[in-house]
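A closer look at the structure
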There are 2 protein chains.
Amino acid sequence: MALIVQKYGGTSVADADRIKHVAQRLAARHAAGDKLVVVVSAMGSTTNELLQLAAQVSDHPEARELDVLLSTGEMVTKTLVAMALHTLDVEAVSLTGAQAGLQTDTSHGRARILAVEPARIERELERGRVVIVAGFQGISEELEVTTLGRGASDITPVALAAALKAKQCEIYTDVDGIYSADPRIEPNARRLRDISYEEMLELSSLGARVLHPRAAELAMVFNIPVVVASSFEEGTGTLIHGGVTMEQFNKVRGIADDPHVAKITLRGVPDQPGIAAAIFEPLAEHHISVDTIVQNASVERLTDLTFTLASSDLSAATKIVKEAAKQIGAGEVIAEDHVGKVSIVGTGIQSAPGYAARMFRALSEAGINMEMISTSEIRITCIMQETDVEKAVRALHATFEMEKAEASEL
Amino acid sequence: MALIVQKYGGTSVADADRIKHVAQRLAARHAAGDKLVVVVSAMGSTTNELLQLAAQVSDHPEARELDVLLSTGEMVTKTLVAMALHTLDVEAVSLTGAQAGLQTDTSHGRARILAVEPARIERELERGRVVIVAGFQGISEELEVTTLGRGASDITPVALAAALKAKQCEIYTDVDGIYSADPRIEPNARRLRDISYEEMLELSSLGARVLHPRAAELAMVFNIPVVVASSFEEGTGTLIHGGVTMEQFNKVRGIADDPHVAKITLRGVPDQPGIAAAIFEPLAEHHISVDTIVQNASVERLTDLTFTLASSDLSAATKIVKEAAKQIGAGEVIAEDHVGKVSIVGTGIQSAPGYAARMFRALSEAGINMEMISTSEIRITCIMQETDVEKAVRALHATFEMEKAEASEL
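All values derive from a computational prediction rather than experimental measurement.

Our next topic: the overall build of chain A. A count of helices and strands for chain A gives twelve helices and 18 strands. For 410 residues, the compact-globule estimate of 2.2 N^0.38 gives 22 Å, and chain A sits close to it at 24 Å. With the C-alpha coordinates of chain A rotated into their principal frame, the extents come out at 75 × 55 × 35 Å. A total of 410 residues make up chain A; the buried ones form 49% of that total. For chain A, restricting intrachain contacts to residue pairs at least 6 apart in sequence, the fraction spanning at least 24 positions comes to 76%.

All names here are of chain B. Bridge count between strand β17 (residues 372-376) and strand β18 (residues 379-385): five bridges; the pairing is antiparallel. Residue pairing across strands places Met372 opposite Ile383, the latter belonging to β18. Where β17 folds back onto β18 in an antiparallel hairpin, the turn is made up of two residues.

The strands making up a sheet are joined through hydrogen bonds of the backbone, oriented either antiparallel or parallel. All names here are of chain A. Pairing is antiparallel in the open sheet, where six strands are placed in the order β14-β15-β13-β16-β18-β17. Of all the strands in the sheet, just β14 (290-295) and β17 (372-376) have a single pairing partner and so form its edges. Put simply, the sheet's adjacent strands are angled 30 degrees from each other on average, direction ignored. Sheet topology note: the strand β16 (residues 333-345)/strand β18 (residues 379-385) ladder contains seven bridges and is antiparallel. In the strand pairing of β18, Ser343 is matched with Thr381.

This paragraph deals with the interface of chain B and chain A. A common way to express how large an interface is: the accessible area buried when the components associate. In this complex, chain B contributes 25 residues to the contact, which on the side of chain A involves 25 residues. Contributions of two or more residues to the side of chain B that touches chain A are made by α1 (16-31), α2 (46-57) and α3 (63-87) of chain B. Per-element tally for the side of chain B that touches chain A: the top contributor is α3 of chain B, with 13 residues. A per-class count over the side of chain B that touches chain A returns 14 nonpolar, seven polar and four charged.

Here we come to the environment of Cys169 of chain A. All names here are of chain A. Here Cys169 shows up in strand β9 (residues 168-173). For Cys169, a count of 30 C-beta atoms within 10 Å corresponds to the buried category. Taking the C-alpha atoms as reference points, Cys169 and Val158, separated by eleven residues in sequence, lie 6.4 Å from one another. In contact with Cys169, not counting residues within four places along its chain, are Val5, Pro157, Val158, Ala161, Ala219, Ile224 and Val226.

It is worth spelling out the sheet that holds strand β9 (residues 168-173) of chain B at this point. Residues and elements named next belong to chain B. Across the sheet, eight strands lie side by side as β3-β6-β2-β1-β9-β11-β12-β10; this open sheet has mixed pairing. Strands at the two margins of the open sheet, each flanked by one partner only, are β3 (92-95) and β10 (194-196). In this sheet, adjacent strand axes meet at a mean angle of 20 degrees when their direction is disregarded. Two elements, strand β2 (residues 35-40) and strand β6 (residues 130-134), share four bridges in a ladder whose sense is parallel. Paired with Val37 across the two strands is Val131, which belongs to β6. Packing against the sheet, α1 makes contact with β1 (3-8), β2 and β6, and its axis sits at approximately 160 degrees to β2. Contacting β2, β3 and β6, α3 runs over the sheet at an angle of about 165 degrees to β6.

On to the pairing of strand β3 (residues 92-95) of chain A, then. All names here are of chain A. Every second residue of β3 is oriented toward a common face, with Ala92 and Ser94 on one face and Val93 and Leu95 on the other, all of them buried. Bridging between β3 and strand β6 (residues 130-134) involves four bridges; their strand directions are parallel. Considered in β6, the bridge of Leu95 is made with Val133.

Positionally, Ile121 of chain B belongs in helix α4 (residues 119-126). The residues contacting Ile121 of chain B, other than those within four sequence positions of it, are Val37, Ala100, Gly101, Val131 and Leu164 of chain B.

Relative to chain A, chain B is turned by 179 degrees and slid 0.0 Å along the rotation axis, the superposed coordinates differing by an RMSD of 0.3 Å. Considering both components of the superposition, the chain copies are consistent with a two-fold axis. Among all C-alpha atoms of chain B, that of Thr72 of chain B lies closest to the rotation axis, at 2.6 Å. With an isologous cut-off of 70% or more, the 100% of interface residues of chain B that recur at the interface of chain A puts this contact in the isologous class.

On to the packing of α2 of chain B against α3 of chain B. All names here are of chain B. Axis separation between α2 and α3 bottoms out at 9 Å; the angle between their running directions is 150 degrees. If you check the angle between α2 and α3, you find them roughly antiparallel. The handedness of the crossing between α2 and α3 comes out as right-handed. Seen from α2, the contacting residues are Thr46, Thr47, Leu50 and Ala54; seen from α3, they are Leu66, Leu69, Leu70 and Gly73. Partitioning the contact of α2 with α3 into residue classes produces five nonpolar, three polar and no charged.

Attention now moves to the nonpolar core. Formed by 246 residues in total, the largest nonpolar core has its most connected members in Val38, Val81 and Val158 of chain A together with Val38, Val81 and Val158 of chain B. Each residue touching Val158 of chain A, except ones within four places of it in the same chain, is listed here: Cys169, Ala215, Leu218, Ala219, Ile224 and Val226 of chain A.

Definitions and cut-offs
- Residues numbered from 1 in each chain as written.
- Chains lettered and ligands numbered in written order.
- Predicted model: local features only at pLDDT ≥ 70, side-chain atom pairs only at ≥ 80, totals over all residues.
- Helix = DSSP H or I, 4+ residues; strand = E, 2+ residues; numbered from the N terminus.
- Rg over C-alpha atoms; globule rule 2.2 N^0.38 Å.
- Buried ≥ 20, exposed ≤ 12 C-beta atoms within 10 Å, placed from the backbone.
- Contact = placed C-beta atoms within 7 Å.
- Pairing = 2+ DSSP bridges.
- Axes fitted to C-alpha atoms, helices over the stretch in contact; angles between N-to-C directions.
- Nonpolar A, V, L, I, M, F, W, Y, C, P; charged D, E, K, R; others polar.
- Least-squares fit on C-alpha atoms with pLDDT ≥ 70 in both.
- Parallel < 35°, antiparallel > 145°, perpendicular 65-115°, else oblique.
- Left-handed = near helix turned anticlockwise from the far one by under 90°.
- Core = buried A, V, L, I, M, F, W, Y, C linked by C-beta atoms within 7 Å.

Following this line, the structure appears as structure tokens:
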């Protein structure tokens, strides 16, 4: 009698046949004795179609109205899944985000969950019902419908799992798990049977298509095991959890890559307090996220500061940084597009000697020049020319013998 | 600063262009100083598409889930109308049936409005906003979404107009008003400028395509003037109201026809108390509506009883009546399909001598045999062969010179 929260993404409920397939999976699981709370997305391209409708009547649809409009997509799916379960003689009830107790702030279009009030869901579960919840939506203190922002519908199942103290959260999508590297780049990439929350977050470029980073953070905070798997195949998937086995410790688990990075360097920055804030605060005010930041050792009280950001933000950021550089008396600002980022991720690798050296050797032997290096507890990242990214992924995958199954998987 | 409740049907909001057209009409009316509450239907064929989706996953969709599913259709429209108004710099807010305070009973799929709690709408109107309300839906005491049943979305605007003490309720649709006869039968049929509630109800076969009879009853009870008009043309429509001018009194206002009627006759019914109940109670238990009932004068304590009903109910009703006839000791039961019904309607005509005689003379001269006659306060109805219905409509329209404009319209 385990309590399980599941989530099915848009492609898993794209039409009536797939909805019936999902209902059959739920019926089997229900018959096996599990209590199920199931979060569903809008069918296939519904959300885009609704956005197109809004664009046809308004160039700048008001956020409140847009949220109500988009929330109807998930409402349609949840009723259809409940109906399909009824035809299989499974008791089921569908709830809106509001009925499911998902209380959010008032930021329409990108609301954050403030609290989950699970009383209604618990009451329905006690009556033996499968509970279907419209994902991606909640209700604000002003009793207005809110949406959590596109792509963030993974938040709902994890938040519900936390509030309901579920045994596990299962995210079903069209991707069957998290791989040791991007399979489109490295054909030998292997699906990981399990991975830690921290590794998952550092592997965001591999994992983000599978599980939204905010959902992974929430799972980590509440220690909810999350399975990401395909709804089209059985027995696959990757478990994201808190435990790391001794055997997995000190091992490169995955290689993340991002070929769409830009880089800004400030030369001759005065090495004194408040300088970093003077540069990064105006960027934050313009909603520009900065990724890796590297500051070289100070020479004669002047230092060089380099950071990476998304290519799409480069021109806006360059303008802002040039203005800031003038005010703090820094030197030249060099903006560079077309750089890429490759990271190796694994719990313990940063503190264990040898991993960084092996990484740099492998890249060097592949003829790749590293422009920046940055490390975290469980990650070593190199910035390089965009054109070197794929070559780097393959070289590192081979060097760390990542095509081999781990002992726990044998 | 009159408070007006409007309703736009599905064809009036069928696509983005028509929604923008409706928004322009509302903006002009708002600029003229009127306070507007606007009830909207689902876009075009949306409701049918949602029903088809439900049919694809379930042969018998549960009523609760179906109501939530169908309610999304009107939710989409209301947000789009509000967005379109915002682009015209008109302050607007869209509300669900629940937010608009439409409280119903728990009969999913055919709920009745129990009360309207207009506080939220009044607050929004005070802020100078146009209020857009999703039609066809409400919320039950159990806080579940309910729908008022298909075709009954005219109820919502009239109920809101009553609760808000609106000056007028305006129903915009693809039909431009109520005609003196069905224009497909009588090309000279004239659109009536105004009509009384009672006449409207008696003319149901002409009016039901324009305004649902339950809505007309509600308007009569609360004395709300209702204008039915086309959203595609300006300055047309028919006003349905309580006042009848002296000039309109004692005049045939419209000719109603229904060619799809069946007739059942019981011969040799014992003329004693309780007999009618013994026949009509079992029909009511089987949800069969009976229309005109005629009982002939008693001969030797035996009488003949004839009544009409919808053709589609004939075979079920015949079986029930034969059973009842056996129990009460009545004679033969004669079921007859393919009869039709033609009525002349006008306040005062029943009490004024001459109208019935002129009607019977006109039908006789047209070679039409009357099988039954029935009268109400404001109506005289003849039952005839189905094939005579169109001929009868044209003969009566000519006899009562209904193609001529009324004095009030000149």
